[in-house]
Protein chains: 2
Amino acid sequence: MFVGAFDIGGTKTIVGILDQAGKIKEKKVFPTQASDCYAHLDYCLVVLQQLLNRAGINKEELSGIGVTLPGVVNSEKGILVLAAYEKWENIPVASYISENFTGIDVYCENDVNACAIGEKLFGLGQQYQHYVWMTVSTGVGGAIVCNSELVKGANGFAGELGHLKVEYEKPEQCHCGQYGCLEVQGSGTALNRIVKERAQDNADFANDLRASGASVDGAGCASLANKGNQVAQDIFHQLGNYLGKGISYCANIVNPQAIIIGGGVAASLEFLVPGMQEAIAECTFEPMKNIDIRMTELGYEAALIGAAALVLRERKGGC
Amino acid sequence: MFVGAFDIGGTKTIVGILDQAGKIKEKKVFPTQASDCYAHLDYCLVVLQQLLNRAGINKEELSGIGVTLPGVVNSEKGILVLAAYEKWENIPVASYISENFTGIDVYCENDVNACAIGEKLFGLGQQYQHYVWMTVSTGVGGAIVCNSELVKGANGFAGELGHLKVEYEKPEQCHCGQYGCLEVQGSGTALNRIVKERAQDNADFANDLRASGASVDGAGCASLANKGNQVAQDIFHQLGNYLGKGISYCANIVNPQAIIIGGGVAASLEFLVPGMQEAIAECTFEPMKNIDIRMTELGYEAALIGAAALVLRERKGGC
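Being a predicted model, the structure only gives us computed values, none of them experimental.

Helix and strand counts for chain A stand at 10 helices and 13 strands. Its C-alpha atoms give chain A a radius of gyration of 20 Å, within 12% of the compact-globule value 20 Å for 319 residues. Taking the principal axes of its C-alpha atoms as reference, chain A extends roughly 60 × 45 × 35 Å. Restricting to contacts in chain A with at least 6 residues of sequence separation, those with at least 24 account for 62%. Of the roughly 12500 Å² that chain A leaves accessible, carbon and sulfur atoms contribute 45%. A distance of 3 Å separates the average location of the 24 positive side-chain charges in chain A from that of its 35 negative side-chain charges.

In structure tokens:
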């Protein structure tokens, strides 16, 4: 048996077929069509059928479809309650897909929550019962796992780490309207902004970027940091310090064994860790400071594997 | 049937007998003898027997004894792992009491966790599935309830709200060694300190305290606030703002429906709420701001009722 997986993100979607061990057999990446959610789901089903044909797998061999969505999801009812797109509101994703694809079982979840569930089944979650899954990419998101159970909270919003206040003295304004949120101080977007500011203020750093052919953004900064550039490493230290403050709040409140980091910026985790550890040491109650900081074992396709895990955990047991 | 309850606090202990509805039938309050934990437990049993005699209740009518302890408790094994007292370490409280009292079933828990469990059975926890129980007295403590389950975390430390960092610009040093912790900025101890400072800096406020016969501490400040004194109310506003920052971190991380406040300072909750709401509005992600702030329904003896609840929940179902 296999599972279908849709990772529907803010800008791109991945449709895949995975086996029961969470290995990707086939996948296709394409832009998310934000204008019409139903049309986008229709297209995901077309792609799924193409992938099944290519792999020589019958529809009947799929034990379900898992879908990760960029927003608030009522996973019991399979409804996307609210997404980043204006019109994506109260969409009955599970029933729509099921009706249009042989009545198959469909499971939906918020993307970061699905990563935490995927990690439980196929990654570091096999070692940890209490962990926080934190994604650091365009924004900062999170999911909380206590006693191997996903914490969802009153409205399914638990783990909104991006809006923890981590900068009080010179806070930037976040797109949410507030100031000093982790999302505006410690995300990939923040990294790009800081690199640009630093390149303007520091001619040597700007020259170093130019000389090594690195772009004036997070990717360029990562490239320089890898070459030992101190300013680039300091920028990651600052970013890590903000992330560490958010981690310290989590540590004091839910006492996790580990923070598992995913998302694009996680590729530079080695340069983030010193700043993270500095903030954790400064802001966490002594007995809870001993937190493992680990990179996800699910890799770049964490959310796609998470989508498959939504189906597979029904059999294997999971979050 | 009845239950025995020991609320062993940092400075005082309450031994009581409660009925199955959580009502206190008999109780006695006495100082905690920190020098010898076993001698103190022996004395608690002597008091329990006195109370049984007074009430005309046989030992056999007790269905168990619940014990709340001021520290880290391994509740499964009934062990006090670590307390504020140097020698109170790895004490097998449950087995010791059971061996010395007819082999009775004994249940142990950290005091604030027990309050949260008591609230579930006999208070506001009947209305809420997701809540944070926050005690504001000498220190600040907390307990997290998600899906009607107590969150304990990796080492049983979850809910250590007292060491959340809430002041970055002019932080006071906490007894834990760190700076700006909620415990040093927003506790009853902090309240006493702020009142003393304000009375030194502000002659009118000092005069108002003196004129109304109020003491230069939290109690005096509460008394003046009740009479409409603006400086006294501003002090509570400041304290509430710090507590609200801690609440905002909880809201973003575990998305509770309510914060339930207990402890001595909670008596002045009406003066804390405006500052709390200001901080919640400033630091919480929009969809999670709608948090009820409620005073515990368990009253002054919350931890004693919590101790009884440890026994009673085994029958009624609870956290």
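Of the two same-sequence chains, chain B is brought onto chain A (RMSD 0.0 Å, axial shift 0.0 Å) by a rotation of 180°. Here the symmetry operator amounts to a two-fold rotation axis. Take the interface residues of chain B: 100% of them recur as interface residues in chain A, which is what a same-surface contact looks like.

Right, let's talk about the interface of chain B and chain A for a bit. Taken together, the contact pairs 38 residues of chain B with 38 residues of chain A. Together chain B and chain A conceal approximately 3200 Å² of surface at their shared face, both sides included; 63% is due to carbon and sulfur atoms. By the criterion of area lost to chain A, the three top residues of chain B are Y168, I253 and F285 of chain B, representing 22% of everything that side buries. Our count for the contact surface shared by chain B and chain A stands at zero salt bridges. Between chain B and chain A we count 25 residue pairs in polar contact (both at pLDDT 80 or more) in total. Every element with two or more residues in the side of chain B that touches chain A is listed here: β10 (140–146), α8 (230–254) and α9 (269–283) of chain B. Top contributing element to the side of chain B that touches chain A by residue count: α8 of chain B, with six residues. A breakdown of the residues in the side of chain B that touches chain A according to their chemical character gives 20 nonpolar, 11 polar and seven charged.

A word on the state of the cysteines. Residue and element names in this part refer to chain A. With the rule as written, the count across this model stands at zero disulfides over all chains. Not engaged in a disulfide, the cysteine C44 finds its nearest cysteine sulfur in C37; these two sulfurs lie 8.8 Å apart. You can call C44 buried: its relative accessible area is 0%.

A few words on the domain arrangement of chain A. Residues and elements named next belong to chain A. Domain annotation of chain A identifies domain 1 (2–111 + 300–316) and domain 2 (124–296). The C-alpha centroid of domain 2 is placed 28 Å from the C-alpha centroid of domain 1. With five residues of domain 1 at the contact, the number on the domain 2 side is five residues. At the boundary of domain 1 with domain 2, total buried surface from both sides reaches about 380 Å², with 58% on carbon and sulfur atoms. By the criterion of area lost to domain 2, the three top residues of domain 1 are V72, E109 and A302, representing 71% of everything that side buries. One can count one salt bridge joining domain 1 with domain 2. The salt bridge partner of E109 is K152, with a shortest N-O separation of 3.2 Å. Between the two partners, domain 1 and domain 2, sit two residue pairs in polar contact (both at pLDDT 80 or more). For the side of domain 1 that touches domain 2, the class distribution of residues is three nonpolar, one polar and one charged.

Looking now at the packing of aromatic side chains. Residue and element names in this part refer to chain A. This structure, assessed with the given rule, holds eight aromatic pairs over all chains. Ring centres of F30 and Y43 lie 5.0 Å apart, and the angle between their planes is 85°; on these two criteria the pair is classed as edge-to-face. Here the residue F30 occupies a position in strand β3 (residues 24–31), and Y43 occupies one in helix α1 (residues 37–55), the gap between them amounting to 13 residues. Stacked on the ring of F101, the Lys or Arg K59 has its end atom at 5.0 Å from the ring centre.

All names here are of chain B. In this structure, N110 sits in strand β8 (residues 106–110). At 3.0 Å, the side chain of N110 forms a polar contact with the backbone nitrogen of N113. Excluding residues within four positions of it along the chain, N110 makes contact with L69, G71 and V73.

Here we take up the nonpolar core. By size, the foremost hydrophobic cluster in this structure holds 102 residues, and its most contacted members are M134 of chain A together with M134 and I253 of chain B. Among all residues touching I253 of chain B, those that are not within four sequence positions of it are I144, A158, G159, L161, L164, Y249, C250, I253 and V254 of chain A.

What follows is about unusual backbone geometry. Residue and element names in this part refer to chain A. For T102, which is not a glycine, the phi torsion comes out positive at approximately 55°. Here T102 lies in the loop between α2 (93–99) and β8 (106–110). Owing to a relative accessible area of 52%, T102 belongs among the exposed residues under this scheme.

Moving on to the sheet that holds strand β4 (residues 62–69) of chain B. All names here are of chain B. In space, the five strands of this open sheet follow the order β3-β2-β1-β4-β8, with mixed pairing throughout. Lying at the two open borders of the sheet, with one neighbouring strand each, are β3 (24–31) and β8. Sheet twist, expressed as the mean angle between neighbouring strand axes with direction ignored, is 15°. In this fold helix α1 (residues 37–55) packs onto β1 (2–8), β2 (12–19), β3 and β4, with an angle of close to 145° to the strand it touches most, β3. Set on the sheet, helix α3 (residues 111–122) makes contact with β4 and β8; between it and β8 the angle comes to about 110°.

Criteria and thresholds
Residues numbered from 1 in each chain as written. Chains lettered and ligands numbered in written order. Predicted model: local features only at pLDDT ≥ 70, side-chain atom pairs only at ≥ 80, totals over all residues. Heavy atoms only, no water. Helix = DSSP H or I, 4+ residues; strand = E, 2+ residues; numbered from the N terminus. Rg over C-alpha atoms; globule rule 2.2 N^0.38 Å. Contact = heavy atoms within 4.5 Å. Areas by Shrake-Rupley, 256 points an atom, 1.4 Å probe, with all protein chains shown as cover. Lys, Arg positive; Asp, Glu negative; His and termini not counted. Charge placed at Lys NZ, Arg CZ, Asp CG, Glu CD. Least-squares fit on C-alpha atoms with pLDDT ≥ 70 in both. Buried area = accessible area lost by both parts, 1.4 Å probe. Salt bridge = Lys/Arg side-chain N within 4 Å of Asp/Glu carboxyl O. Polar contact = N/O pair within 3.5 Å; in protein donor to acceptor, adjacent residues only side chain to side chain. Nonpolar A, V, L, I, M, F, W, Y, C, P; charged D, E, K, R; others polar. Disulfide = S-S within 2.5 Å. Buried < 20%, exposed > 50% of the residue type's maximum accessible area, 1.4 Å probe, protein only. Domains from an automatic or database assignment. Phe/Tyr/Trp six-rings, centres within 6.5 Å; stacked < 30°, edge-to-face > 60°. Lys NZ or Arg CZ within 6 Å of the ring centre and 35° of its normal. Core = buried A, V, L, I, M, F, W, Y, C linked by side-chain atoms within 4.5 Å. Pairing = 2+ DSSP bridges. Axes fitted to C-alpha atoms, helices over the stretch in contact; angles between N-to-C directions.

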